[in-house]
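Listed below, chain by chain, are the residues.
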Amino acid sequence: MTQTQEPAAPAARLRPSLRGDRGPVALGFVREAALLPVLVVILVVGAVISPVFLTADNLISGVGQQVSALGITVVGESLILLIGGMDLSLESTYGLAPMIAAWLIVPKAAFGSGLMLNPVIGILIVFAIGAAVGLVNGLLIVKARLNGFIVTLGMTVLLAGLQNGSVQGQSPYQLPSAFSYIGAEFMGKVPVSLVVAAIVFIAAGLFLRYHRTGRAIYAIGGNAEAARAAGIRVDRIKIGVYVAGSVLAALGGLIEAGRVSSVTGDQGYQEGIIFTVFAAAVIGGVSLQGGKGTMLGAASGVILLGLVQNIINLSNAPNYWQLAINGGVILFALVLARVVGGESSAEKA
């Protein structure tokens, strides 16, 4: 009798969160507000360093377009972090998915395969590759119970090799306008990519806040066994989140390809974007241990890193110092957000 009653306690504890209690929301607001002082400091520093910094052309057209692809990938990684997982291979999906599609749609003279597929089919291939990679990762981690770090690390190297091997180290270019539209076009001064990124952040935030599956993601990240006892389909949701994360990384890669009008062998893995993706999510309050964080916080982390990079560029800082400056700013932002956010922004011991 006692054995049958044991799951009831954790299940009962989960019910309020599945209905959307206000406690986590209030804590999330505190964590998000913790970044505001940092952003204010950065805006002041940027305005002092360059008169161009606070213009609409720089902040919306420039920074907005540059951070959109990264931001969408951060949404994918944040969802995976919320269930208590991680996916290092998002950076390789970010490069491989648009690379294969571009190779199939551009002519041989532009380092393509010569098949000249319709660009719309190419975009579908981008999303299909993202979904396939996420599904394989999810099955290996959730069903086969392999270590998530090792699985996604191995997948990272595999996809990076496929990215360069499929085009023999070349960079397909002459991308059709339909393929590069999201990453290259503007609506007035507003990049289409920024509009898409904003829609993705808002949709993910509303899903996590108001949809039952979204709230279940928090429950799984907080305590997977308790969530399972409460009747949540933990395995199915985890695999679905890995798929969603990879699809978003593929979308980010598509946007980046449109922005630079090509897909280089360096896109993704060789650029090491996964470090920036993790930094943006964690600075924004998404916990590496799962169950804690919001899309508003993640967006704040993306904006912060984008502004810092923009200030570095405007100040003409020497290339060999840029990594050190970036790392120092990330550490400073983390410490300041921890101080302002108090215990609500602390990781579990």
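Conventions adopted
Residues numbered from 1 in each chain as written. Predicted model: local features only at pLDDT ≥ 70, side-chain atom pairs only at ≥ 80, totals over all residues. Heavy atoms only, no water. Buried < 20%, exposed > 50% of the residue type's maximum accessible area, 1.4 Å probe, protein only. pLDDT = per-residue confidence, 0-100. Contact = heavy atoms within 4.5 Å. Patch = residues over 30% accessible without salt bridge, like charges linked within 9 Å, V, L, I, M, F, W, Y side chains within 5 Å. Areas by Shrake-Rupley, 256 points an atom, 1.4 Å probe, with all protein chains shown as cover. Salt bridge = Lys/Arg side-chain N within 4 Å of Asp/Glu carboxyl O. Helix = DSSP H or I, 4+ residues; strand = E, 2+ residues; numbered from the N terminus. Phe/Tyr/Trp six-rings, centres within 6.5 Å; stacked < 30°, edge-to-face > 60°. Lys NZ or Arg CZ within 6 Å of the ring centre and 35° of its normal. 1 Å grid on protein atoms, 1.4 Å probe; cavity = no way out; pocket = protein on both sides within 12 Å on 5 of 7 lines; lining within 4 Å. Points joined across faces, edges and corners; volume = space filled by probe spheres on them. Nonpolar A, V, L, I, M, F, W, Y, C, P; charged D, E, K, R; others polar.

Undergrad: Just checking my understanding: could you explain unusual backbone geometry for this structure?
TA: Negative phi values dominate among residues other than glycine, just as trans dominates among peptide bonds. We note that Met-116 has phi near 55°; this positive angle belongs to a residue other than glycine. Assessed through its relative accessible area of 48%, Met-116 is described here as partly exposed. Non-glycine residue Arg-145 carries a positive phi angle of around 55°.

Undergrad: Help me understand the confidence of the model for the protein, please; the structure alone is not making it clear to me.
TA: Low pLDDT means the predicted coordinates in that region are not meant to be read closely. This prediction gives the protein a mean pLDDT of 87; 87% of its residues lie at or above 70. Predicted confidence for residues 1-17 stays below pLDDT 50, and this span has 10 contacts to residues more than four positions away or in other chains.

Undergrad: Would you mind showing me how to read a nonpolar patch on the surface here?
TA: Where nonpolar side chains cluster on the molecular surface, the patch consists of Phe-149, Ile-150, Leu-153, Val-157 and Tyr-269 and spans about 450 Å² of accessible area. Mapped onto the elements of the fold, Phe-149 is located in helix H8 (residues 148-166). Take Phe-149: its relative accessible area is 42%, and that puts it in the partly exposed class.

Undergrad: Just checking my understanding: could you explain the packing of aromatic side chains for this structure?
TA: When we look at a pair of aromatic rings, we describe it by the centre distance and by the angle of the planes. The full count for this structure, using the stated rule, is 1 aromatic pair. Summarising the aromatic geometry, the rings of Phe-111 and Tyr-173 are spaced 6.0 Å apart at their centres and angled 65° between planes, so their arrangement reads as edge-to-face. Here Tyr-173 lies in the loop between H8 and helix H9 (177-184) and Phe-111 lies in the loop between helix H6 (90-105) and helix H7 (119-143), a separation of 62 residues in the sequence. Residue classification places Phe-111 among the partly exposed positions, given a relative accessible area of 36%. Taking the ring centre of Tyr-210 as reference, the NZ or CZ of Arg-209 above it sits at 5.3 Å.

Undergrad: I keep staring at the layout of surface pockets and nothing clicks. Help me out?
TA: Here the idea is plain: a probe the size of a water molecule rolls over the atoms and shows the empty space left. Looking at the second largest pocket, its volume works out to about 930 Å³. Lining the second largest pocket we find 28 residues, and of these Leu-70, Ile-273, Thr-276, Gln-309 and Asn-326 sit closest to its centre. Elements represented by at least two residues in the lining of the second largest pocket include exactly helix H5 (56-82), helix H13 (234-260), helix H14 (273-283), helix H15 (295-314) and helix H16 (319-341). No other element matches H14, which puts 7 residues into the lining of the second largest pocket. Here the residues of the lining of the second largest pocket sort into 16 nonpolar, 9 polar and 3 charged.

Undergrad: So what exactly am I meant to see when it comes to the pattern of salt bridges here?
TA: Pairs can form between side chains of opposite charge whenever their charged atoms are close. For the coordinates displayed, the defined rule picks out 5 salt bridges. The partner of Lys-189 in a salt bridge is Asp-57, and the shortest N-O contact between them spans 3.3 Å. With Lys-189 in the loop between strand S1 (186-187) and strand S2 (190-191) and Asp-57 in helix H5, this pair connects stretches of sequence that are 132 residues apart. Note that Glu-225 and Arg-228 form a salt bridge whose closest N and O atoms lie 3.8 Å from each other. With Glu-225 and Arg-228 both in helix H12 (residues 224-229), this residue pair falls 3 residues apart, about one helical turn. Residue classification places Arg-228 among the partly exposed residues on the basis of a relative accessible area of 38%. Overlapping salt bridges bring together Lys-143, Glu-225, Arg-228 and Asp-235 as one network.

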